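Listed below are the residues making up each chain.
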Amino acid sequence: MTALLASARFLKAVARRIGQVSAWLIVLLILTVVLDVITRRFVVLGSTKLQDLEWHLHAALFLLSLGYAYVEGEHVRIDVLLERFGLKTAAAIEFLGAALFLVPFCVIVLYFGWTFVERSFLLSEGSATQTGLPYRWIIKTSLLIGFFTLFLAALGVIADSLATLLGAKRKPEPNTHYDEVGL
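Lay out the overall build of the protein in plain terms, naming residues and giving numbers.
Of regular secondary structure, the protein possesses seven helices and zero strands. When the helices and strands of the protein are read in sequence order from the N terminus, they spell out α-α-α-α-α-α-α. Counting every position in the protein, which comprises 183 residues, the buried fraction comes to 36%. At a minimum sequence separation of 6, the contacts of the protein that also span at least 24 residues come to 77%. Working note: accessible area of the protein is about 12,000 Å², and carbon and sulfur atoms make up 70% of it.

Written out as structure tokens, the structure reads:
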């Protein structure tokens, strides 16, 4: 039981850390957008490379945060129903949802995504425009990394749910409570 909880904690920590590190992409995204706006408005110089970089950073930010969002419970689900269930019923629903839907979906995306990235790399795929960014395979690789992180997060949730179903006593996870800050 301890090994199950330890593996759940480790897998969730990996997904959490990747999400925390990838969150810094927002700074690069903001700087890129500001630079693009300034050069377009005041210098009257449009850059296709900057526009490509904007959507590359946006896609990477989204994809690399998938596992983090799942581990933190920030994904879409019906919380109104889950609040009415007991701990074991909620764990059973989480277990079944992750095992029957999320893990197979991640495996399918990873299986077909590998060919998607490989083909892009072999063809030296670049932007559709001549002045855009080259090496489109780099951004396509973030698809694989993001879904692999989500896969690890799902395995962590499955292990955690299974431990709950088997009656494990849990200690609170360190550094997992964040206060929301509103405007």
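So what about the pattern of salt bridges? Which residues, and what values?
Taken as a whole and assessed by the stated rule, the structure comprises four salt bridges. The partner of Asp 160 in a salt bridge is Lys 12, with the nearest N and O atoms 3.0 Å apart. With Asp 160 in helix 7 (residues 136-165) and Lys 12 in helix 1 (residues 2-22), the pair connects residues that are 148 residues apart, well separated along the chain. With relative accessibility at 8%, the residue Lys 12 sits in the buried group. The shortest N-O distance in the salt bridge between Asp 36 and Arg 40 comes to 3.0 Å.

Explain the environment of Phe 116 residue by residue, including any values.
Take Phe 116: it is sitting in helix 6 (residues 87-122). C-alpha separation for the pair Phe 116 and Trp 137, spaced 21 residues apart in sequence, amounts to 8.6 Å. Not counting chain neighbours up to four residues away, the residues in contact with Phe 116 comprise Lys 140 and Leu 143.

Provide a residue-level description of the packing of aromatic side chains, including the pertinent values.
Applying the stated criterion to the full structure yields four aromatic pairs. Ring geometry for Tyr 111 against Phe 112: centres 5.0 Å apart, planes inclined by 85°, an arrangement best described as edge-to-face.

Explain helix 1 residue by residue, including any values.
For helix 1, with 21 residues, the first-to-last C-alpha span of 30 Å sits near the 30 Å given by 1.5 Å per residue. The set of residues buried in helix 1 consists of Leu 5, Ala 8, Leu 11, Lys 12, Ala 15, Arg 16, Gly 19 and Ser 22. Across the axial projection of helix 1, the buried residues extend over an arc of 135°, all falling on one side. Exposed side chains of helix 1 directed beyond 90 degrees from the buried face belong to Thr 2, Ala 3, Phe 10, Arg 17 and Val 21. Considering only its buried residues, helix 1 is in contact with helix 2 (25-41), helix 3 (48-64), helix 4 (66-71) and helix 7.

With reference to specific residues and values, describe the side chain of Glu 54.
In this structure, Glu 54 sits in helix 3. Lacking a salt bridge, the buried Glu 54 has Arg 40 as its closest oppositely charged neighbour, with an N-O distance of 6.2 Å. Ignoring any residue separated from it by four or fewer positions in sequence, one finds Glu 54 in contact with Leu 29, Thr 32, Val 33 and Asp 36.

Report on unusual backbone geometry, specifying residues and quantitative values.
A positive phi angle is found at Ser 124, which is not glycine, with a value near 55°. Secondary-structure assignment places Ser 124 in the loop between helix 6 and helix 7. Positive phi, normally seen in glycine, also occurs at Tyr 135, with a value near 60°. By secondary structure assignment, the location of Tyr 135 is in the loop between helix 6 and helix 7.

Any chance you could break down the packing of helix 6 against helix 7 for me, citing the residues and the numbers?
The geometry of helix 6 relative to helix 7 is characterised by a closest axis approach of 8 Å and an angle of 160° between their N-to-C directions. The angle between helix 6 and helix 7 falls in the class roughly antiparallel. Where helix 6 crosses over helix 7, the handedness of that crossing is left-handed.

Parameters at a glance
- Residues numbered from 1 in each chain as written.
- Predicted model: local features only at pLDDT ≥ 70, side-chain atom pairs only at ≥ 80, totals over all residues.
- Heavy atoms only, no water.
- Helix = DSSP H or I, 4+ residues; strand = E, 2+ residues; numbered from the N terminus.
- Buried < 20%, exposed > 50% of the residue type's maximum accessible area, 1.4 Å probe, protein only.
- Contact = heavy atoms within 4.5 Å.
- Areas by Shrake-Rupley, 256 points an atom, 1.4 Å probe, with all protein chains shown as cover.
- Salt bridge = Lys/Arg side-chain N within 4 Å of Asp/Glu carboxyl O.
- Phe/Tyr/Trp six-rings, centres within 6.5 Å; stacked < 30°, edge-to-face > 60°.
- Expected span 1.5 Å × (residues − 1).
- Arc of directions from axis to C-beta.
- Lys, Arg positive; Asp, Glu negative; His and termini not counted.
- Axes fitted to C-alpha atoms, helices over the stretch in contact; angles between N-to-C directions.
- Parallel < 35°, antiparallel > 145°, perpendicular 65-115°, else oblique.
- Left-handed = near helix turned anticlockwise from the far one by under 90°.

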